[in-house]
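Notes for the structure review
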Amino acid sequence: MTEAILLVGGKGTRLRPLTVNTPKPMVPAAGVPFLTHQLARARAAGVEHIVLATSYLAEVFEPYFGDGSGLGLHIEYVTEEEPLGTGGAIRNVAARLRSGPDEPVLIFNGDILTGLDIRALVATHETTGADVSLHLTRVEDPRAYGLVPTDATGRVTAFLEKPQTPEEIVTDQINAGAYVFRRSVIDTIPAGRPVSVERETFPELLATGAHLQGMVDSTYWLDLGTPQAFVRGSADLVLGRAPSPAVPGRCGDRLVLPTARVAPDAKLTGGTVVGDGARIGEGARITGSTILSGAVVEPGAVITDSLIGTRAHIGERTILSGAVIGDGAVVGPDNELREGVRVWCEAKIPAGALRFSSDQ
């Protein structure tokens, strides 16, 4: 297996306002665009040629990654004029693949942070002679996911979308968003229209007797679709809990990029990242958070499990917990913003305007 398809066309609506100006795979995690971690892990597994299936804000990928040579890869870009879904996106890039009909092609979603053993998934695919092999992981509450039960040999027996009743939950195994396709199977996906591999391609393959193999790998796995999950994933990369060869520094409690300025008495913990050109003031306390490039955190601010967008400004003594602050937004001094709040890009909150507790 030497080539792969990365599906990076989604709008990232659950991550807004982070994705107003930036496609989800390009939002920085642990100091670099999240996509960099996926590309680096694919390269480490032996992949040489990668096709990026782009759509939303497609124009930002190629200027950053170029031909991929900086990562030891050859990267090509295919842009969907209209969103085609996961299956449609795979089919849309098929002409750029070089593999023979029976050779394996790695495919993975652009919003999953995982410790998957990619080589083991490919080996499973080859030793079982499968048409498609799927990475499966186990979760405590599978109701938000598609269940994938398997028999004793790991062969997939059904695809069950988002079960709700106890009777429907027949397994804790879910589709983890990474696949190996036999190259010829990709050509059977209908061209030129939206197709979901989860709801259409996989069930139809199963119905026609194709061999779909599951491999359970329950190492680190996180869907980065929500702001809270994205912040957690970035922190886990910095802390070393999630593996990536692309973290630009040593794993530890904090990652401060070279041009950032952090006051000597500021306290950064829990996998906090401070981006290029950002400034952290005296006495600030930041835990498990991501401060993107050019942002300013004034003295005495307390920030926990939050993401501060590029060029955003956080005022003195302001408290943020579980918050997302959009690019260029200004949160004045002495505000208190708690779990789930999203401040939109370029918005301005005056001093002492919002609190969840008394100001005394």
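Heads up: the structure comes first, above all this text.
As the structure is a computational prediction, the values presented were derived from the model and not from experiment.

**As for the nonpolar core**
Ranked by size, the top nonpolar core spans 29 residues in total, and within it F181 and F202 carry the most contacts. For this core, the elements supplying multiple residues, two or more each, are strand 1 (3-7), strand 4 (49-54), helix 3 (85-92), strand 6 (104-109), strand 8 (132-138), strand 11 (173-182), helix 5 (183-186) and helix 6 (197-207). Those residues within four positions of F181 in sequence are excluded, and the remaining contacts are E103, P104, V105, I107, H125, D131, V132, I186, I189, V197 and F202.

**Considerations on helix 1 (residues 34-44)**
Where burial is concerned, most of helix 1 is hidden: nine out of the 11 residues are buried. Along helix 1, the residues that are buried comprise F34, L35, T36, H37, Q38, L39, A40, R41 and A42. Just downstream of helix 1, G46 is the residue with a positive phi angle, here 105°.

**Notes on the side chain of H125**
If you trace the backbone, H125 turns up in helix 4 (residues 118-128). Among residues more than four places away in sequence, those in contact with H125 are P104, A130, D131, V132, S133, V180, F181 and R182.

**Here's the deal with empty space enclosed by the protein**
Considering all chains together, one arrives at one cavity of 30 Å³ or more under this definition. Estimated volume of the largest cavity: approximately 130 Å³. If you trace the largest cavity, you find it lined by F34, H37, Q38, R41, F108, I112, L113, T114, L116, I118 and A178. Of all the elements in the fold, those that place two or more residues in the lining of the largest cavity are helix 1 and strand 7 (112-114). Per-element tally for the lining of the largest cavity: the top contributor is helix 1, with four residues.

**A few points about the layout of surface pockets**
A volume near 1200 Å³ is recorded for the largest pocket. Taken together, 41 residues form the lining of the largest pocket, with R14, T86, N109, D111 and E198 sitting closest to its centre. Ranked by the residues each element gives to the lining of the largest pocket, the list is headed by strand 11, at four residues. By residue class, the composition of the lining of the largest pocket is 17 nonpolar, 14 polar and 10 charged.

**With respect to helix 4**
Of the positions making up helix 4, those classed as buried are I118, L121, V122, T124 and H125. Along the axis of helix 4, the buried residues cluster in a sector spanning 155°; they form a single face. Every exposed residue of helix 4 that faces more than 90 degrees away from the buried side is listed here: R119 and T127. At its buried positions, helix 4 is contacted by helix 1, strand 6, strand 8, strand 11 and strand 12 (212-216). Where helix 4 begins, one side-chain oxygen reaches toward the backbone nitrogen of R119, 3.3 Å away; that side chain belongs to D117. Positioned one or two residues after helix 4, G129 has a phi angle of 70°, which is positive.

Rules used throughout
Throughout this description, residue numbers start from 1 for each chain and increase along the sequence as written. Two thresholds apply to this predicted model, a pLDDT of at least 70 for residue-level local features and 80 or more for giving and counting side-chain atom pairs, whereas whole-chain, interface and lining totals are computed over all residues. Only hydrogens and water are set aside; all other atoms, that is, all heavy atoms of the structure, feed into the side-chain values. What makes a nonpolar core is a set of buried Ala, Val, Leu, Ile, Met, Phe, Trp, Tyr and Cys residues whose side-chain atoms join them at distances within 4.5 Å. Burial classification: accessible surface area is computed with a 1.4 Å probe over protein chains only, and a residue below 20% of its type maximum counts as buried, one above 50% as exposed, and the rest as partly exposed. In this description a helix means any DSSP run of H or I spanning at least four residues, a strand means any run of E spanning at least two, and both kinds are numbered starting from the N terminus. Note on contacts: a residue pair qualifies if any of its non-hydrogen atoms lie within 4.5 Å across the two residues. Throughout, the protein atoms alone are placed on a 1 Å grid, and a set of points is a cavity if a 1.4 Å probe fits but cannot get out or a pocket if it is open with protein on both sides within 12 Å along at least five of seven lines; lining residues have an atom within 4 Å of a point. Grid points are joined across faces, edges and corners, and a volume is the space filled by probe spheres set on the points. Charged residues are taken to be Asp, Glu, Lys and Arg, nonpolar residues to be Ala, Val, Leu, Ile, Met, Phe, Trp, Tyr, Cys and Pro, and polar residues to be all remaining types, Gly included. Summarising the geometry, the arc corresponds to the directions from the helix axis toward the C-beta atoms. The term polar contact refers here to a pair of N or O atoms within 3.5 Å; inside protein, the definition further demands a hydrogen-donor-capable atom paired with an acceptor-capable atom, and it admits residues adjacent in sequence only when both atoms are side-chain atoms.

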